[in-house]
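Structural features, examined
These are the residues of each chain, in order.
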Amino acid sequence: MEAEPFALLRAAGAWDQQALDLEAAAGQVAGAPTGGFTAPVAGAASRFVAAWQRHATGLAAEAEDHAAAVRAALGDLLAVDGAVAGEHQSLGGRLGGSR
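About the thresholds
Every residue gets a number counted from 1 within its own chain, in the order that chain's sequence is written. Residues qualify for local features only when their pLDDT is at least 70, as the model is predicted, and side-chain atom pairs are given and counted only at 80 or more; totals for whole chains, interfaces and linings, by contrast, use all residues. Note that water and hydrogens are dropped before the side-chain values are worked out from all heavy atoms of the structure. In this description a helix means any DSSP run of H or I spanning at least four residues, a strand means any run of E spanning at least two, and both kinds are numbered starting from the N terminus. In this setup the radius of gyration rests on C-alpha atoms only. A globule is expected at 2.2 Å times the number of residues raised to 0.38. Think of it in three bands: residues with accessible area under 20% of the maximum for their type are buried, residues over 50% are exposed, and the middle band is partly exposed, with areas taken using a 1.4 Å probe on protein chains only. In what follows, a contact means two residues having at least one pair of non-hydrogen atoms within 4.5 Å. The accessible surface values rely on the Shrake-Rupley method and a 1.4 Å probe; as for residues, cover is taken only from the protein chains in view. Here the positive residues are Lys and Arg and the negative ones are Asp and Glu; neither His nor the chain ends is included. The atoms used to mark charge sites are NZ of Lys, CZ of Arg, CG of Asp and CD of Glu. N or O atoms closer than or at 3.5 Å make up a polar contact, with two conditions inside protein: a donor-capable atom paired with an acceptor-capable one, and, for residues adjacent in sequence, both atoms drawn from side chains. Here a salt bridge means any side-chain nitrogen of Lys or Arg lying within 4 Å of a carboxyl oxygen belonging to Asp or Glu.

To continue, consider the overall build of the chain. Regarding its fold elements, the chain presents two helices and zero strands. The globule rule puts the C-alpha radius of gyration for 99 residues at 13 Å, and the 24 Å found for the chain is more than 25% above it. Taken over the C-alpha atoms alone, the chain extends approximately 85 × 15 × 15 Å along its principal axes. Residue burial in the chain is summarised as follows: out of 99 residues, 15% are buried. Taking as baseline every contact in the chain between residues at least 6 positions apart, the subset at least 24 positions apart corresponds to 70%. Total accessible area on the chain is roughly 7000 Å²; 63% of this is exposed by carbon and sulfur atoms. Separation between the mean location of the 6 positive side-chain charges and that of the 11 negative ones in the chain comes to 2 Å.

So, on to the side chain of Thr-34. Looking at where Thr-34 falls in the secondary structure, it is placed in the loop between α1 (5-30) and α2 (39-94). Relative accessible area serves as the criterion here: at 16%, Thr-34 is assigned to the buried category. At 3.1 Å, the side chain of Thr-34 and the side chain of Ser-46 are in polar contact. Filtering out sequence-adjacent residues up to four positions away, Thr-34 remains in contact with Ala-42, Ala-45, Ser-46 and Val-49.

All told, the structure shown has two salt bridges when counted by the stated rule. Across the pair Glu-4 and Arg-10 runs a salt bridge, and its minimum N-O distance is 3.9 Å. Residue class for Arg-10 comes out exposed when judged on its relative accessible area of 54%. Close ionic contact of Asp-16 with Arg-71 constitutes a salt bridge, the shortest N to O distance being 2.8 Å. Taken together, the residues span a long stretch of sequence, with Asp-16 in helix α1 and Arg-71 in helix α2 at a distance of 55 residues. Exposure remark for Asp-16: the relative accessible area of 29% places this residue in the partly exposed category.

Any functional reading would require information beyond the geometric quantities listed.
Following this line, the structure appears as structure tokens:
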């Protein structure tokens, strides 16, 4: 398996940015006025705004989760890479320095 650490960092950053954008969108949607509608329509408009605000907030949370998962995968990758490097160094020492 091959993974480029900097590509993983960029992917995590992109997920973080997506989360920020979605949080901002959720805030904008939540602030949408519904007072200009007639009473029957205003209720439906309020429910619509609330539903979209919850949806955008949920998507933002998912994007944050994806960013955290990518960072965790990067941490695991680096830990495994370090362990393998240590094993190679140890093996080289036991074989008299030959590789």
